[in-house]
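Report on the structure
Each chain is listed here by its residues.
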Amino acid sequence: MEIQSMHDSLAARLQQQELVSATISQPRLKSNSIKRVKLKPVEIKNAYFIQFEYQYEHVLKHENLSIEDASAKLASLFEEFRQGLFQFTEEKVQIQLSKKFKVTWKSEQTEAKKAELSHNRKKQYLLEDGVPYPFLVRLGVQSPDGKVKKQKYDKFRQINRFIEFIDDALVHLPKDRTVRILDFGSGKSYLTFALYHYLRVEKGLDLRVTGLDLKKEVIEECQRIADDLNYDQLEFLVGDINDYNEESAVDMVVTLHACDVATDMALSRAVKWNANVILSVPCCQHELNSQIEAPELGIMLQHGLIKERFSALATDSIRAELLSLVGYETQLMEFIDMEHTPKNILIRAYKTGKKPAPGQFERYQQFTQLLSAKPFLENELKELL
């Protein structure tokens, strides 16, 4: 097939609104910052669009395009990528492009599928409103009949968003032994209970989960709930991240809203335990704010509010880069911005063992030198860098 015929065929299917989902992958150049692109149809304000999700090394970006613009965008993407996998309503198409842009088009008929226009439908949660979950009832999020309480709906959304991250991480957890999970700073433990329920009750994993927090009364109440629910592989302990030395290896480390360098302590521990999965929502990033000296950024940093926000973003960027430098695939993701939880960036890291790209550490050093920053986490990981 000629490449123009390929473009025409794809454009026709988009025009007929047959797209269910698609993935564009295999960049022609290693230097391409976009690793893959995912497509799906969405409906926004009664108008049909194609959503493009651009997956970079550490970031996801989205763009909603009209059918005409989406067709043009597809054509340009196939100048940069060599493979496309498309699921249409009754057909699956695999496209492979050679170095000289010769097109191999493989098509097979499939059972009829329907595109879910996610912007125009009720959000489908992994935990459903109306289905009673014992831990949510006990924590006061649901009534006994499974109805989410009005004042707790934001918490319900947050729990489901968190479980989406847990579900994504399943492929990185061992299947042939007990999965070891630590939650530092578990607090009231809504998300700790959610994690345990989803992995143990819904997915049937053999696991042992420990929630750690400094508040004795909170920990005792959480342990009572776990005991009452017969969550026999979930325990809660009073303790500090710095003083916890009970493990030599851990599969997943969760740290949500640990203040300032407590987040870095948890990340450092996770790395040294060779954790396969790290999920961290940082809080109160004060360290860098007190260190920054960057005349080149003076127009920004002269304003206290901007300096505070910039410092928080720079701190999390540094954390993500350091995790990448020690063998993790790391992304900064949007969590849930809530009135009582204003921090909504989640650091997600999967252990790959991949070595840093040439010049990556030097680029990191240039950034920290620009800011006159001496990050706590860098010092904690210096033997691995």
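Quick note: structure is the one above.
What you are looking at is a predicted structure, and each value in this text was computed from that prediction instead of being measured.

A separate point is the overall build of the protein. Scanning the protein for helices and strands turns up twelve helices and 14 strands. Relative to the compact-globule value of 21 Å for 385 residues, the protein shows a C-alpha radius of gyration of 23 Å, a close match. Over its C-alpha atoms, taken along the principal directions, the protein stretches across nearly 70 × 60 × 45 Å. Here the protein has roughly 20,000 Å² of accessible surface; of this, 48% comes from carbon and sulfur atoms.

Moving on: the environment of V261. Position of V261 among the secondary structure elements: in helix α7 (residues 261–272). Separated by 22 residues in sequence, V261 and G239 have C-alpha atoms that sit 16 Å apart. V261 has contacts with E287 and F376, leaving out every residue within four places of it along the chain.

Attention shifts here to unusual backbone geometry. Even without a glycine there, the phi angle at Q17 is positive, about 55°. One can find Q17 in the loop between α1 (3–15) and β1 (19–27). With phi around 60°, N274 is a residue other than glycine that occupies positive phi space. Take N274: it is sitting in the loop between α7 and β12 (277–283).

Time to look at a nonpolar patch on the surface. On the surface, M300, L305 and I306 cluster together into a nonpolar patch covering about 240 Å² of accessible area. Here M300 lies in helix α9 (residues 298–301). The class of M300 is partly exposed, set by a relative accessible area of 34%.

What counts and how
- Residues numbered from 1 in each chain as written.
- Predicted model: local features only at pLDDT ≥ 70, side-chain atom pairs only at ≥ 80, totals over all residues.
- Heavy atoms only, no water.
- Helix = DSSP H or I, 4+ residues; strand = E, 2+ residues; numbered from the N terminus.
- Rg over C-alpha atoms; globule rule 2.2 N^0.38 Å.
- Areas by Shrake-Rupley, 256 points an atom, 1.4 Å probe, with all protein chains shown as cover.
- Contact = heavy atoms within 4.5 Å.
- Patch = residues over 30% accessible without salt bridge, like charges linked within 9 Å, V, L, I, M, F, W, Y side chains within 5 Å.
- Salt bridge = Lys/Arg side-chain N within 4 Å of Asp/Glu carboxyl O.
- Buried < 20%, exposed > 50% of the residue type's maximum accessible area, 1.4 Å probe, protein only.

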